[in-house]
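Remarks on the overall topology
If you want the building blocks of each chain, they are given just below.
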Amino acid sequence: MTSYNQLPTINGLPDPFRSMNGNYINSRDDWTCRRAEISAQAQHYELGEKPAPSANVSGSSNGQSITVNVQDNGGSISFTANITLPNGGQGPYPAMIGMGGSSLNNSGLSNQGVAVITFPNNDIAAQANGNSRGQGKFYDLYGSNHSAGAMTAWAWGVSRLIDALEQTPGANIDTSRLGLTGCSRNGKGALIAGALDERIALTIPQESGSGGSAAWRVSDAQQNAGQNVQTLSQIVTENVWFRSSFSEFSNTATRLPFDHHEVLGLVAPRALLVLENTDQEWLGNQSTYTAAVVAREIWEALGITDHMGVSQLGGYSHCQFPSSQQSVLDAFVGRFLVGNGSGNTNVMRTDGNFSVDFNRWVDWETPALQ
């Protein structure tokens, strides 16, 4: 990877369709390779490396939880994820994994026949404050100096949870129909975990803001316009979600060779629903909408815009799932988890009167990938 001092300034949102060698991609197979490049860049400059899936994993379930046992790097850890099965239907059930819990309408998920699994992310990597780096069970295995920030450690833990679910039929979960969600800081983590594990069929970051669905460059522009928005320079001082060296970019987000429209795009061609709250200026309400709309160009290039939606509505408190978002949630869950849905998943809406300035942020063209 190019060193920080040699990275060029990119004022707009970087081109997701231009490979690191300068060539433009033109096929769906090319996107698979390009996606791997973006993932490697995000881990190298921002997130820290996610360990390869070499661990020995086993699981045991009592019907209400699953205990995950992991052996790797000469050590072992265990953690437990609670499972709430739906009230009706017959298993194995599709499931929504909640990063630290689900802030969606969990009763509604149950009514659709979807289980809810609570992933204990704080056990895997602490996020108490800026002094909690290297704390948690991930670091017990891989060392407190591992490059992974907390979000990458959580993504590793979610992958090990899925490993265990695949081996534990007694948990009654259909691992071919898994969703992942989280809100606020846990929404950031849900996006990263969904981006880094292709077994997750549907990713739903909720009000995830900076480090999640917002673009670093657009958040800086919002702040420069006088709005109270969390930016890269602030977030690296707040907590340990990112690798420690990410602070190099505190005042130079324009040197990043990627931005979070591409992190969102790592989910493609799988399904992504970005849920946002217009009222949350701190989270970069305009930035999150801009990043999501620009990210959707990746699904456009793949010819599957109905696999990606953004729904940004206000009038409710942070992480309090509103009834106004229920129909779009039902549509995505019905289609991509339950498998029998016919609701509209071709959604791109905001009630914030935001428009995306493509002239400012996008100086590239969207190909039709064959």
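What comes next concerns the included structure. (Residues numbered from 1 in each chain as written. Predicted model: local features only at pLDDT ≥ 70, side-chain atom pairs only at ≥ 80, totals over all residues. Heavy atoms only, no water.)

1. Let's talk about the overall build of the protein chain
- Per the secondary structure count, the protein chain includes 12 helices and 10 strands.
- Taken over C-alpha atoms, the radius of gyration comes to 19 Å for the protein chain, in line with the 21 Å a tight globule of 370 residues would show.
- Along the first, second and third principal axes, the C-alpha atoms of the protein chain reach 55 × 50 × 40 Å.
- Split into buried and exposed, the 370 residues of the protein chain put 59% on the buried side.
- At a minimum sequence separation of 6, the contacts of the protein chain that also span at least 24 residues come to 71%. (Helix = DSSP H or I, 4+ residues; strand = E, 2+ residues; numbered from the N terminus. Rg over C-alpha atoms; globule rule 2.2 N^0.38 Å. Buried < 20%, exposed > 50% of the residue type's maximum accessible area, 1.4 Å probe, protein only. Contact = heavy atoms within 4.5 Å.)

2. A few points about the pattern of salt bridges
- Applying the stated criterion across every chain, the model contains 12 salt bridges.
- Across the pair Arg 199 and Glu 166 runs a salt bridge whose closest N-O atoms are separated by 3.2 Å. Taken as a pair, Arg 199 in the loop between α6 (185-196) and β7 (202-206) and Glu 166 in helix α5 (residues 150-167) lie far apart in primary sequence, 33 residues in all.
- Two residues, Glu 238 and Arg 185, come together in a salt bridge whose shortest N-O distance is 3.9 Å. Pair noted here: Glu 238 is in helix α8 (residues 232-238) and Arg 185 is in helix α6, with a separation of 53 residues, a long-range link.
- Taking relative accessible area as the criterion, Arg 185 reaches 29% and is therefore assigned partly exposed.
- Each member of the salt-bridge network shares a partner with another, and the members are Arg 160, Asp 163, Glu 166, Asp 197 and Arg 199. (Salt bridge = Lys/Arg side-chain N within 4 Å of Asp/Glu carboxyl O.)

3. Some words on the packing of aromatic side chains
- Summed over all chains, the structure comprises 13 aromatic pairs.
- Seen from their ring centres, Tyr 45 and Phe 249 are 6.0 Å apart, and the 90 degrees between their planes marks the pair as edge-to-face. Taken together, the residues span a long stretch of sequence, with Tyr 45 in helix α1 (residues 28-47) and Phe 249 in the loop between α8 and α9 (260-265) at a distance of 204 residues. Each member of the pair, Tyr 45 together with Phe 249, is buried.
- Taking the centre distance of 5.0 Å and the plane angle of 80 degrees together, the rings of Phe 138 and Tyr 139 count as edge-to-face. One exposure class covers both Phe 138 and Tyr 139, and it is buried.
- Here a set of aromatic residues connected by ring pairs shows up, and it is made of Tyr 4, Tyr 45, Trp 216, Phe 242, Phe 246 and Phe 249.
- Above the face of the Tyr 4 ring, Arg 255 is positioned so that its terminal group lies 4.8 Å from the ring centre. (Phe/Tyr/Trp six-rings, centres within 6.5 Å; stacked < 30°, edge-to-face > 60°. Lys NZ or Arg CZ within 6 Å of the ring centre and 35° of its normal.)

4. A closer look at empty space enclosed by the protein
- For the structure shown, the criterion picks out one cavity of 30 Å³ or more.
- The calculated volume of the largest cavity comes to roughly 30 Å³.
- Lining the largest cavity are Ala 125, Ala 126, Ser 132, Arg 133, Gly 134, Tyr 139, Ala 148, Gly 149, Ala 150 and Val 240.
- For the lining of the largest cavity, a count of residues per class yields six nonpolar, three polar and one charged. (1 Å grid on protein atoms, 1.4 Å probe; cavity = no way out; pocket = protein on both sides within 12 Å on 5 of 7 lines; lining within 4 Å. Points joined across faces, edges and corners; volume = space filled by probe spheres on them. Nonpolar A, V, L, I, M, F, W, Y, C, P; charged D, E, K, R; others polar.)

5. Quick notes on the layout of surface pockets
- By volume, the largest pocket is sized at about 540 Å³.
- Taken as a whole, the second largest pocket holds about 160 Å³ of empty space.
- Arg 217, Asp 220, Ala 221, Ala 253 and Thr 254 are, among the 14 residues lining the second largest pocket, the residues nearest its centre.
- Contributing elements (two or more residues each) for the lining of the second largest pocket: α7 (216-224) and α12 (358-361).
- When residues in the lining of the second largest pocket are grouped by element, the largest group, four residues, is from α7.

6. Looking at the environment of Pro 53
- Topologically, Pro 53 is positioned in the loop between α1 and β1 (56-61).
- Pro 53 gets classed as exposed once you look at its relative accessible area, which sits at 69%.
- Residues Pro 53 and Asp 72, 19 residues apart in the sequence, show an inter-C-alpha distance of 9.6 Å.

7. Details of unusual backbone geometry
- Pro 92 follows Gly 91 through a cis peptide bond whose omega is 0 degrees.
- Its location among the elements puts Pro 92 in the loop between β3 (75-84) and β4 (93-99).
- Cis geometry marks the peptide bond from Ala 268 to Pro 269, where omega comes out at 15 degrees.
- Take Pro 269: it is sitting in the loop between α9 and β8 (271-276).
- Although it is not a glycine, Asn 172 adopts a positive phi angle of roughly 65 degrees.
- Topologically, Asn 172 is positioned in the loop between α5 and β6 (173-183).
- Judged by relative accessible area, which is 26%, Asn 172 ranks as partly exposed.

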